[in-house]
Amino acid sequence: MAGFTFELNEDQKQIRDWLHGFASEVMRPAAAEWDEREETPWPVIQEAAKAGIYSLDFYAQQYFDPTGLGLPMAMEELFWGDAGLALSIVGTGLAAVGVLTNGTEEQIGTWIPQMYGDAHDVKVAAFCSSEPDAGSDVAAMRTRARYDETKDEWVLNGTKTWVTNGGIAQVHVVVAVIDPEAGSKGHASFVIPPGTPGLAQGQKFHKHGIRASHTAEVVLDDVRIPGHCLLGGKERLDERLARTRELATTPDSRVRNAAMATFEASRPVVGAMAVGTARAAYEIALDYAKIRQQFGRPIIDNQGIAFQLADMRTGIDAARLLVWRASWMAASGKPFTSAEGSMAKLYASEAAQRVTAQAIQILGGNGFTREYPVERMHRDAAIYTIFEGTSEIQRLVIARALAGVPIR
Ligand SMILES: Cc1cc2nc3c(=O)[nH]c(=O)nc-3n(C[C@H](O)[C@H](O)[C@H](O)COP(=O)(O)OP(=O)(O)OC[C@H]3O[C@@H](n4cnc5c(N)ncnc54)[C@H](O)[C@@H]3O)c2cc1C
């Protein structure tokens with residue numbers, strides 16, 4: 001079995017321990033306060049920037065780890081610290097990945113550094129895809145981008161919703177429709193430079209969980225941006241649209257599925273976040289069960305409690321293995337023929353909901369109060385089955401992959 005191991009290498013262990021230190025010393029003590037305040041935790045983001053955790057370099061290093069485990073391991077530790085704070089730290093990464101995957105080298109070099117700012121003046125970025133009438137159904141998107149050839153400018157109009165860092169971001173990456181006939185293949189991504197007139201924050205959402213992370217609407221009203229803000233450039237877009245029109249007349253589902261396979265690759269990352277939250281709640285429940293005495297003995301001495309802990313731990317380990325498998329496959333260039341990315345996200349997000357609910361039960365009355373963090377962790381865990389594709393959509397994707405029908 002040479003070459004096969006579940007063991008992290010020495011570099012990965014060092015990074016994990018360093019992140020764990022940040023999560024336990026900086027994030028955990030601040031978590032309850034920012035959850036109550038429901039405000040962007042700028043001082044925590046700044047601490048992360050000073051430590052080197054909030055930066056493109058750090059993110060890219062984990063993203064391109066050849067084993068595939070760098071990013072899930074980092075996410076697990078940060079979300080173990082606190083989900084709301086962690087999303088405030090990693091939310092910019094969504095927009096950065098939007099530019100990394102669609103942009104030219106020049107665009108990557110221009111925009112990504114602006115998204116992060118620096119440790120003295122931190123900035124955040126936002127990725128705007130969802131709309132009031134286009135959540136799961138991305139193809140129903142209505143935000144339009146029209147090219148004004150005379151000025152070499154794009155003009156964007158529409159409303160985006162549920163945007164992490166929406167309206168407070170230095171740079172917004174916006175997905176808009178160019179060719180409505182082509183469904184999601186007629187979409188393109190644009191960078192909206194800082195201070196562009198016409199972009200405004202709509203309502204800010206007050207949420208059930210991950211409350212330290214800012215979520216808001218973004219309204220685009222005749223937003224004019226230079227031609228070079230189209231990610232990938234006009235030539236590449238025109239070629240892609242021409243190819244899509246040709247493909248529309250051929251029934252080759254393998255080609256259609258290629259885009260979906262790329263999208264799938266980001267899903268294990270959400271699974272890793274869920275593993276972090278679940279592990280945090282499980283550890284607290286385990287410690288509590290060993291200390292809390294009822295009927296003259298620790299509650300863990302009751303099989304009813306011990307078996308719950310056994311199930312919690314088994315679920316977390318199973319979730320992590322699915323996340324690691326999908327991450328390793330993505331890094332090794334192996335296609336997700338059975339939607340393995342979706343499997344990881346689906347299982348881990350539902351495990352996190354289950355485990356955090358069980359943690360509340362094990363802590364009894366204390367678990368139900370805000371004096372103990374498991375209540376917050378349970379509220380936070382609810383997001384993982386919703387964003388980046390709901391559980392229902394993951395099941396749809398898995399089922400379609402198994403049935404061999406095209407994933408739309
Ligand atoms: C806190 C938060 C942060 C977010 N951050 C971002 C962000 O930064 N950028 C961004 O673009 N988006 C973001 N989102 C949006 C998120 O991706 C969407 O909420 C998600 O895709 C679901 O869309 P929806 O809310 O419109 O639900 P809907 O699509 O309306 O779904 C409602 C229900 O119907 C079910 N459903 C829908 N279609 C089907 C079907 N075909 N079969 C079975 N069931 C179905 C869903 O599973 C769900 O249970 C965020 C959302 C939240 C809550």
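Conventions used here
Residues numbered from 1 in each chain as written. Predicted model: local features only at pLDDT ≥ 70, side-chain atom pairs only at ≥ 80, totals over all residues. Helix = DSSP H or I, 4+ residues; strand = E, 2+ residues; numbered from the N terminus. Rg over C-alpha atoms; globule rule 2.2 N^0.38 Å. Buried ≥ 20, exposed ≤ 12 C-beta atoms within 10 Å, placed from the backbone. Contact = placed C-beta atoms within 7 Å. pLDDT = per-residue confidence, 0-100. UniProt positions renumbered as here; feature names shortened; annotations may be inferred. Expected span 1.5 Å × (residues − 1). Bend = angle between axes of the 7 residues up to and from the residue. Near = placed C-beta within 6 Å. Nonpolar A, V, L, I, M, F, W, Y, C, P; charged D, E, K, R; others polar. Domains from an automatic or database assignment. Axes fitted to C-alpha atoms, helices over the stretch in contact; angles between N-to-C directions. Parallel < 35°, antiparallel > 145°, perpendicular 65-115°, else oblique. Left-handed = near helix turned anticlockwise from the far one by under 90°. Core = buried A, V, L, I, M, F, W, Y, C linked by C-beta atoms within 7 Å.

Here we look at the overall build of the chain
Assigned secondary structure in the chain consists of 13 helices and eleven strands. Expected size for 408 residues packed as a compact globule is a radius of gyration near 22 Å; at 22 Å, the chain falls within 12% of this value. Within the chain, the fraction of its 408 residues that count as buried is 45%. Looking at the chain alone, contacts between residues at least 24 apart form 74% of all its contacts between residues at least 6 apart.

Some remarks on the confidence of the model for the chain
Overall, the prediction assigns the chain a mean pLDDT of 93, with 95% of residues at 70 or greater. Low pLDDT, under 50, characterises residues 252-262; the stretch is placed with nine contacts to residues that sit more than four places away or in other chains.

What about the UniProt feature "domain: Acyl-CoA oxidase/dehydrogenase middle" (unreviewed entry) in the chain?
Feature annotation in UniProt places "domain: Acyl-CoA oxidase/dehydrogenase middle" (unreviewed entry) on residues 126-223, given in this structure's numbering. Split by type, residues 126-223 is 0% helix and 49% strand. Its first and last C-alpha atoms lie 16 Å apart.

Re unusual backbone geometry
For W162, which is not a glycine, the phi torsion comes out positive at approximately 60 degrees. Even without glycine at this site, F295 takes up a positive phi of about 55 degrees. If you trace the backbone, F295 turns up in the loop between β10 (293-294) and β11 (297-298).

Overview of helix α11 (residues 340-367)
Because each turn of an α-helix spans 3.6 residues, side chains separated by three or four positions end up pointing in the same direction. Over its 28 residues, α11 runs only 34 Å from end to end, short of the ideal 40 Å by more than 12%, given 1.5 Å per residue. For α11, the principal kink sits at Q361 and spans about 60 degrees. When you tally the buried positions in α11, you get 20 out of 28 residues, the bulk of the element.

Notes on the site of the ligand
In the vicinity of the ligand, 22 residues are found, and the nearest of them are S129, G135, S136, T390 and E392. Put simply, the parts of the chain that give the shell around the ligand at least two residues each are β3 (125-128), β5 (153-164) and α13 (391-403). Considered class by class, the residues forming the shell around the ligand number eleven nonpolar, eight polar and three charged.

Re the domain arrangement of the chain
Where interface size is given, it is often the accessible area lost as the parts come together that is meant. You can read the domains of the chain as domain 1 (10-122), domain 2 (125-250) and domain 3 (261-403). Computed from C-alpha coordinates alone, the two centres of domain 1 and domain 2 are separated by 24 Å. With 25 residues of domain 1 at the interface, the matching set in domain 2 holds 20 residues. Looking at the side of domain 1 that touches domain 2, the elements that each hand over two or more residues are α1 (10-37), α5 (83-102) and α6 (105-116). Considering only residue class, the side of domain 1 that touches domain 2 consists of eleven nonpolar, twelve polar and two charged.

Digging into the packing of helix α9 (residues 267-291) against α11
In contact at an axis separation of 8 Å, α9 and α11 are set at 20 degrees when each is read in the N-to-C sense. Classified by the interaxial angle, the pair formed by α9 and α11 is roughly parallel. At the point where α9 passes α11, the crossing takes the left-handed sense. In terms of residue class, the contact of α9 with α11 is built from 19 nonpolar, seven polar and two charged.

Some points on the environment of Q361
Residue placement: Q361 occurs in helix α11. A residue is classified by how many C-beta atoms lie within 10 Å of it, and Q361, with 14 of them, is partly exposed. Residues Q361 and E106 lie 255 residues apart in sequence; the distance between their C-alpha atoms is 53 Å.

Structural notes on the nonpolar core
Among the nonpolar cores identified, the biggest contains 118 residues, and F190 and A274 are the most heavily contacted of them. Per element, the largest residue contribution to this core is 13 residues, and it comes from α9. Discounting chain neighbours no more than four positions away, the residues touching A274 are A319, A348, S349, A351, A352, A381 and Y384.

A word on helix α10 (residues 303-331)
Helix length check: α10 (29 residues) gives 41 Å between terminal C-alpha atoms against 42 Å at 1.5 Å per residue, within 8%. In the segment just after α10, G333 is the residue with positive phi, at about 75 degrees.

What about the environment of L19?
Turning to its location among the elements, L19 is positioned in helix α1. Separated by 367 residues in the primary sequence, L19 and I386 have C-alpha atoms spaced 26 Å apart. Aside from chain neighbours lying at most four places away, what touches L19 is I53, A74, E77 and L78.

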